[in-house]
Amino acid sequence: MVREAKREDLNGILKLYLCLHEESIPEQSDRLWDTWNQILEDENHHLIINEIDGKIVSSCVCVIIPNLSRNVRPYAFVENVVTHRDFRGRGYASECLEYAKLIAQKQNCYKMMLLTGSRREETLAFYRNAGYNSADKTAFIQWLE
């Protein structure tokens, strides 16, 4: 079942992120809970999960960004697309991305953007099959300390 995350989903999401790029689950702290509450309370921040038999198996984040160009239409940024290793290849991440697309369309976004650090052809093909392309824009990243 695809849905937006709720307060009680935090630990399941943090465990899933171990399949993304995290090496450990952050310690329970005020900073963690403040960040989680900020995400939940932000109407433009959508943390989407796919839950199977009570386990969060896939997720993505879709942030709607207000914009003054393109006839004052917002755009969507998708990040942290991940599926648990044991559940890959079953369409769960595709369902999360489709849910994100519905949110973006409902918010009248004119585009969706997604970045990936992967160079694996199967990952890039997955994003192309989901409707994204890498020909229209060039992405640059500056990592901050």
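Presented here is an overview of the structure given in this document. Just so you know, these numbers come straight off a predicted model, no measurement behind them.

Reading the values: rules and limits
Residues numbered from 1 in each chain as written. Predicted model: local features only at pLDDT ≥ 70, side-chain atom pairs only at ≥ 80, totals over all residues. Heavy atoms only, no water. Helix = DSSP H or I, 4+ residues; strand = E, 2+ residues; numbered from the N terminus. Rg over C-alpha atoms; globule rule 2.2 N^0.38 Å. Core = buried A, V, L, I, M, F, W, Y, C linked by side-chain atoms within 4.5 Å. Buried < 20%, exposed > 50% of the residue type's maximum accessible area, 1.4 Å probe, protein only. Contact = heavy atoms within 4.5 Å. Phe/Tyr/Trp six-rings, centres within 6.5 Å; stacked < 30°, edge-to-face > 60°. Lys NZ or Arg CZ within 6 Å of the ring centre and 35° of its normal. Expected span 1.5 Å × (residues − 1). Patch = residues over 30% accessible without salt bridge, like charges linked within 9 Å, V, L, I, M, F, W, Y side chains within 5 Å. Areas by Shrake-Rupley, 256 points an atom, 1.4 Å probe, with all protein chains shown as cover. Salt bridge = Lys/Arg side-chain N within 4 Å of Asp/Glu carboxyl O. Disulfide = S-S within 2.5 Å. Pairing = 2+ DSSP bridges. Axes fitted to C-alpha atoms, helices over the stretch in contact; angles between N-to-C directions.

Remarks on the overall build of the protein chain
Working step 1: The secondary structure content of the protein chain amounts to four helices and five strands.
Working step 2: Mapped in sequence order, the helices and strands of the protein chain form the string β-α-α-β-β-β-α-β-α.
Working step 3: Relative to the globule expectation of 15 Å for 145 residues, the C-alpha radius of gyration of the protein chain, 15 Å, shows essentially globular dimensions.
Working step 4: If you line up the protein chain on its principal axes, its C-alpha atoms span 40 × 35 × 35 Å.

As for the nonpolar core
The nonpolar side chains of soluble globular proteins are, as a tendency, buried together.
Working step 1: In this structure, Ile48, Cys60, Val78, Val81, Leu97 and Leu114 are the most contacted members of the largest nonpolar core, which totals 17 residues.
Working step 2: Within the residue set of this core, elements represented by two or more residues are strand E3 (55-65), strand E4 (75-83) and helix H3 (92-106).
Working step 3: The greatest single-element share of this core, amounting to six residues, is contributed by H3.
Working step 4: The contacts of Ile48, once residues within four sequence positions are left out, are Val2, Arg3, Glu4, Ser58, Ser59, Cys60, Cys62, Cys96, Tyr99, Ala100 and Ile103.

Observations concerning the packing of aromatic side chains
Working step 1: Taken as a whole, this structure holds three aromatic pairs when the rule is applied.
Working step 2: Between Tyr75 and Tyr110, the aromatic rings sit 6.4 Å apart at their centres with planes inclined by 75°, giving edge-to-face as the arrangement. With Tyr75 in strand E4 and Tyr110 in the loop between H3 and strand E5 (112-114), the pair connects residues that are 35 residues apart, well separated along the chain.
Working step 3: Residue placement shows Lys111 over the ring face of Tyr75; its charged tip is 5.4 Å from the ring centre.

Section: H3
Working step 1: Here H3 spans 21 Å end to end across 15 residues, near enough to the 21 Å set by a 1.5 Å rise per residue.
Working step 2: For H3, the secondary structure elements touched by its buried residues are strand E1 (2-4), strand E2 (45-52), E3, E4, E5 and helix H4 (121-129).
Working step 3: Phi turns positive, to about 65°, at Asn108, one or two residues after H3.

Quick look at a nonpolar patch on the surface
Working step 1: Where nonpolar side chains cluster on the molecular surface, the patch consists of Leu115, Ile141 and Trp143 and spans about 380 Å² of accessible area.
Working step 2: Look at Leu115 and you get partly exposed, because its relative accessible area is 32%.

Side note on the state of the cysteines
Working step 1: Applying the stated criterion to the full structure yields zero disulfides.
Working step 2: The thiol sulfur of Cys60 is not disulfide-bonded, and the nearest other cysteine sulfur, from Cys96, lies at 5.2 Å.
Working step 3: Classification of Cys60 as buried rests on a relative accessible area of 0%.
Working step 4: Between Cys109, a free cysteine, and Cys62, which holds the nearest cysteine sulfur, the sulfur-to-sulfur gap is 6.7 Å.

With respect to the side chain of Thr123
Working step 1: When you line up the elements, Thr123 lands in helix H4.
Working step 2: Once residues within four sequence positions are removed from consideration, Thr123 is found in contact with Thr116 and Ser118.

Quick look at the sheet that holds E2
Working step 1: Here five strands make up an open sheet; going across it, the order is E1-E2-E3-E4-E5 and the pairing mixed. The open sheet has two edge strands with one neighbour each: E1 and E5. Neighbour-to-neighbour, the strand axes of this sheet turn through a mean angle of 25°, independent of strand direction.
Working step 2: Here three bridges tie E4 to E5, and the two strands are oriented parallel to one another. Bridged to Val78 within E5 is Leu114.
Working step 3: Docked against the sheet, H3 engages E1, E2, E3, E4 and E5, running at close to 25° with respect to E3.

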